[in-house]
Each structure stands twice: as structure tokens, then as C-alpha cells.
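# Summary of structural features
Here are the chains, one letter per residue:
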Amino acid sequence: MSTEQLALAEEFQQAYARPCAGIWAAPGRVNLIGEHTDYNGGFVLPFALPQTSRVAAALRTDRMVHVRSLLNGETAEFSLDGLVPGAVEGWAAYAAGMLWSLEQAGHLLPGLDLLIDSEVPIGAGLSSSAALECSVGLAAAELAGVELPAVALAQLAQHAENDFVGMPCGIMDQMASVAARAEHALLLDTRSMRIEHVPFRLEQDGLALLVIDSQAEHRLVDGEYAARRAQCEAGARELGLESLRELNDDGVAPEELTARLPDPVTLRRVRHVLTENTRVLAAKEALSTGSYAQLGETLSASHASQRDDFEITVEETDTLVETLMSPHQSHGAQPALGARQVGGGFGGCVIALIHTESFDGLLGAVQENARQHGFTEPTGFLAQPSAGARRLS
Ligand code: ADP
Ligand code: MG
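Remember, it's a predicted structure, so these values are computed and weren't measured experimentally.

Cut-offs applied
- Counting restarts for each chain, with residues numbered from 1 along the sequence as it is written.
- Following the order in which they are written, the chains are lettered starting with A and the ligands numbered starting with 1.
- Local features are withheld for residues below a pLDDT of 70 in this predicted model, meaning they are given only at 70 or higher, and side-chain atom pairs are given and counted only at 80 or more; totals for whole chains, interfaces and linings count all residues.
- With hydrogens and water set aside, each side-chain value is computed from the structure's full complement of heavy atoms.
- What makes a salt bridge here is a side-chain nitrogen of Lys or Arg within 4 Å of a carboxyl oxygen of Asp or Glu, nothing more.
- Only runs of H or I of at least four residues qualify as helices and only runs of E of at least two qualify as strands under DSSP, and these elements are numbered from the N terminus.
- Buried, partly exposed and exposed residues are distinguished by accessible area as a fraction of the type maximum, computed with a 1.4 Å probe on protein chains only: under 20%, between the cut-offs, and over 50%, respectively.
- Cavities and pockets are defined on a 1 Å grid built over the protein atoms alone: a cavity is a set of grid points where a 1.4 Å probe fits but cannot escape, while a pocket is an open set with protein on both sides within 12 Å along at least five of seven lines, and lining residues are those with an atom within 4 Å of any such point.
- Grid points are joined across faces, edges and corners, and a volume is the space filled by probe spheres set on the points.
- All amino acids are sorted into three groups, where Ala, Val, Leu, Ile, Met, Phe, Trp, Tyr, Cys and Pro are nonpolar, Asp, Glu, Lys and Arg are charged, and the leftover types, Gly among them, are polar.
- Here a residue is considered near a molecule or strand provided that any single heavy atom belonging to it is located within 4 Å of it.
- Whenever two N or O atoms come within 3.5 Å, that pair is a polar contact, provided that in protein one can donate a hydrogen and the other can accept it, and provided that, for residues adjacent in sequence, both atoms are side-chain atoms.
- Exposure was quantified through the Shrake-Rupley algorithm and a 1.4 Å probe, taking into account, for residues, occlusion by the shown protein chains and nothing else.
- Put plainly, a molecule is in a cavity or pocket when over half of its atoms are within 2 Å of the grid points there.
- UniProt positions are given in the numbering used here, feature names are shortened, and annotations may be inferred rather than shown by experiment.
- When DSSP finds at least two bridges between two strands, those strands are taken to pair.
- In this analysis an axis means a line fitted to C-alpha atoms, helices contributing only their contacting stretch, and an angle means the value between N-to-C directions, from 0 to 180 degrees.
- Any two residues whose heavy atoms approach within 4.5 Å at even a single point are treated as in contact.
- All the domain ranges listed were derived from an automatic or database domain assignment.
- Accessible-area loss on putting two parts together, using a 1.4 Å probe and summing over both, is the definition of buried area adopted here.

## Observations regarding the pattern of salt bridges
Summed over the entire model, instances satisfying the criterion amount to 25 salt bridges. Two residues, D113 and R60, come together in a salt bridge whose shortest N-O distance is 2.9 Å. Here R60 lies in the loop between β3 (46-59) and β4 (64-69) and D113 lies in strand β6 (residues 112-118), a separation of 53 residues in the sequence. Its relative accessible area of 22% is what places R60 among the partly exposed residues. Between E103 and R63 there is a salt bridge; the shortest N-O distance is 2.6 Å. Placement of the pair is E103 in helix α2 (residues 92-104) and R63 in the loop between β3 and β4, with a sequence separation of 40 residues.

## Comments concerning empty space enclosed by the protein
Over the atoms, a rolled probe matching the size of one water molecule traces out where space is still vacant. Taken as a whole, this structure holds 1 cavity of 30 Å³ or more when the rule is applied. When its volume is computed, the largest cavity comes out at roughly 90 Å³. Along the walls of the largest cavity sit S214, E316, T319, L320, T323, V366, N369, A370, H373, F375, T376 and P378, which together make up its complete lining. Contributing elements (two or more residues each) for the lining of the largest cavity: α11 (315-325) and α12 (359-373). Looking at side-chain class alone, the lining of the largest cavity contains 5 nonpolar, 6 polar and 1 charged residues.

## Comments concerning the site of ligand 1
Around ligand 1 sit 16 residues in total, of which S69, G123, G125, S128 and S129 are the nearest. Here an oxygen atom of ligand 1 and a side-chain polar atom of S128 are 2.6 Å apart. Contact with the protein chains removes 83% of the 570 Å² of surface that ligand 1 exposes when unbound. According to the grid-proximity analysis, the pocket containing ligand 1 is the largest pocket. Contributions of two or more residues to the shell around ligand 1 are made by β6 and α3 (128-143). In terms of residue count, the dominant contributor to the shell around ligand 1 is α3 (3 residues). Here the shell around ligand 1 is composed, by residue class, of 9 nonpolar, 7 polar and no charged.

## Here's the deal with the UniProt feature "domain: GHMP kinase N-terminal" (unreviewed entry) in the protein chain
Per the UniProt record, "domain: GHMP kinase N-terminal" (unreviewed entry) is annotated on residues 94-179. Annotation note: span residues 94-179, helix share 59%, strand share 8%, distance between end C-alpha atoms 19 Å.

## Description of the sheet that holds strand β11 (residues 349-355)
As summarised here, the arrangement of the 4 strands in space is β10-β11-β9-β12, forming an open sheet in which the pairing is antiparallel. Looking at the sheet topology across the chains shown, the edges are occupied by β10 (338-341) and β12 (379-382). Each strand of the sheet is rotated relative to its neighbour by a mean of 20°, with strand direction disregarded. Where β10 and β11 come together, 4 bridges link them in antiparallel fashion.

## Quick word on the sheet that holds strand β8 (residues 194-199)
The 3 strands are arranged β2-β7-β8 in an open sheet whose pairing can be described as antiparallel. Both outer strands of the open sheet, β2 (43-44) and β8, are each paired with one neighbouring strand and no more. Of the strand pairs in this sheet, β2 and strand β7 (residues 184-189) are connected by 2 bridges, and their pairing is antiparallel. What sits directly across from V44, in β7, is L188. Lying over the sheet, helix α5 (residues 172-179) contacts β2, β7 and β8, oriented at roughly 135° with respect to β7. Of the strands in this sheet, β2, β7 and β8 are in contact with helix α9 (residues 264-289), which crosses β8 at around 40°.

## Here's the deal with the layout of surface pockets
A volume near 820 Å³ is recorded for the largest pocket. Lining the largest pocket are 38 residues, and of these Y94, G123, S128, S129 and E161 sit closest to its centre. Put simply, the parts of the chain that give the lining of the largest pocket at least two residues each are β6, α3, α4 (150-165), α5 and α6 (224-238). Looking at the lining of the largest pocket, its residues break down into 17 nonpolar, 15 polar and 6 charged.

## Some thoughts on the environment of G166
With respect to the helices and strands, the residue G166 is situated in the loop between α4 and α5. We classify G166 as exposed; its relative accessible area is 55%.

## So, the domain arrangement of the protein chain
If you check the domain split of the protein chain, you get domain 1 (3-197 + 387-391) and domain 2 (201-383). Centre-to-centre separation of domain 1 and domain 2, based on C-alpha positions: 26 Å. Contacts between domain 1 and domain 2 engage 34 residues on the former and 42 residues on the latter. Summed over both sides, the interface of domain 1 with domain 2 buries roughly 3,200 Å², with 65% coming from carbon and sulfur.

Put into C-alpha cells, the structure is as follows:
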């Protein structure tokens, strides 16, 4: 066991006065590209972060669940009997929902003591929620002797977030957390659930993927995400399609949409999804051929589409992208090759494909710029594509 794992096992012992049976981990993720495409049957290209949610767990002899988070020091207690959406609220709903979802799928669970720790930044668009669900799901399934393929675990975690927590997210976050591989991005076709591991190693070319937390308040829960989803579904209905993904299958050009969608808002929303799906496939191609200038351009085009067509960016993230891409960098830093807001929208993180040596210069530039605008100073780190959910000990 690593020092970290020993510390978590020790915390478990303190909290529950007995040893844990094991420790499981599931990572947060960065979506390289493919925003709001996953609930439209489209493509996404996320990769897993080294930062994980970890859960130390042990079975109980009753049907009670005790779940404690080291993040907030809170413990929630509930029974698996009569567990229904709404019975557990707040942060513990992500854990309770996962167990509820497993039981809904016919997997009867014993009670559990759970202790959770996480390094995934919370509410930053790096999917701490899926990391929490998937780590708890993996622990519970394994302790209860339930064998679950990765796709099934991801789908149950999504069910938990959709129908227990009440967040109508697509399948991307959970699939990335469960199925990602180190040094690879995960191309996922959310309609067929087919996955492809795409090698994603930038170091040898002197490049890196910078993740910057804008610190702008993430206002997802305000119903904007659900509103976008509803607008996409309305657009698909109007076009007589099962999902907007079919536009890509049919080779529809963005210009052709204008005549078919008279409402300008619906037109913009649909155009984003169509062009974003095209960009995911272009980004995958660029990665496969090492065409990083093209990858950068594709990332920036995704940001523009999120800003102008999907209208989910905010001043803080637009300014961040502009600063990163500005040709006038000080201290010898080179501008980013491409940058975009990631996650559901309205704040959260920005990613940028950068020359590794420009890390300090670019981070300094965005921090300086934020100070000038009176925004909270952003933080940043270089993201290493890492492994998916697993048992640690
Ligand atoms: P994101 O997934 O982008 O981080 P969400 O709003 O979807 O943002 O999920 C964040 C929520 O997940 C938090 O507000 C909290 O309720 C819950 N959460 C995630 N990790 C933890 C943790 N380790 N301890 C307690 N709550 C957590
Ligand atoms: Mg989330």
C-alpha cells in the first residue's frame, strides 16, 4: 500500500473502529473535445486524470450504509431498504444513488461502511461526481460479488446521476472514469457505445495539455444544462431525427440547416452539435497522425462554437482562451496551439494544447489578466492521461 492508501485505511479504522476490506479508485476526466454531444448520440474524446476519488469500504451485516467524506468531514447514514430518489440529498446522493442504481438493476447489496477521499477538483468540470459514483460503484459491486462489465457500471452510474441526483448528464463522464487507459484518450461513440483507445502522448513532441480552473462559479445546476439538452431534443424532433448524430451519418453540411430550422436558437444549438461531432473525429485523426497544429485549431474552433452557437461560455473562460491564444506573450512564452472551455459549461475549466516550456509563462499571463479583470485568479496543472477505475488494495 502507498502512504496515501495507508492513511486512508487508517482514517477508515478511526471512523468505523474496524479495518476496511479494500480501497478502490476512479478518476476525474478532461474532455479533450466533444461537448454536449454525448446525449445526442454523438462522439466524445475524453481522457482520465491522475486525480481520483478513492473509497475505502467494508461490508456490514445489516442493510445500513454509512458514508463519510474527508472533503467535508460529513457522514450520511441511510438504509438500502426503501431507498428512493430524494431520500438522500446533497453530496451523499452521488454515493446513495450509485447503490440505488445497482439495486434497481437487480443486484442486491449488503450494507456498507464507506470512507471517501478525492483529489478531483469539485465542480470544476473535471467530473468529481462521476469519479465519486464510479469508485463507490466499483467497491460495492466487488464487495457484493457482482461482476459488471465497464459499460454496465458506467451506465448504472449515469442512471444514478440522472434519476437519483437529478442531473441529466450523458454517459461520457462515467465511461471515461471507468474505461480510460493511461497515455490514451478514449474515443467513444455514445450511440453504439463502441470505444477506441487513441494513443495520446504529447511529451515526445515537447507539448502538454494545460488544464486551467477558471474559478468562475460553475452554474450548471441552474437548469442551463437541462435547457440545452431539451433544445437539442426539440431540434432533432423538428428534423425528424432520432438523435442529432444522424446529421453526421447523413453528411449534412452546417449551411443546409438554415433552411430546415427557422428558429435561430434551435439552429445554433443543432449546428454546434453537428460541427462538434465533426471536430471530435478530426481531433482523433489529428492525434493519430501527430498533427498538433490541426488539433489546436480544432480545440479553438470548439470553443468558438460553444461561445457563439451553444452559448455556454462565460466572460472568464472567453478571456482565458483569448489570453492563452494571444500572439503577444511575455517572457518568451509561446501562445497555445489551441484552447477551449471544457465540461458542461458556464465556467469550470479551460484546456490548452501548449509547448511545455511555456507553462509558467502562460499560467502567469492568465493570472495577471484575471487580476486586471477583477476575476478570481485561475489555477493550472498539466494533465497526464491516466488509468480508469480500479482496485488499489
Ligand atoms: P463536477 O462533476 O464537475 O466536479 P458536479 O456538480 O457534477 O461537478 O459534482 C460536484 C458535486 O459532487 C459536489 O458538489 C459534491 O456534492 C459531490 N462530490 C464529489 N466528490 C466529492 C467528495 N469527495 N466528497 C463529497 N462530495 C463530493
Ligand atoms: Mg459532474
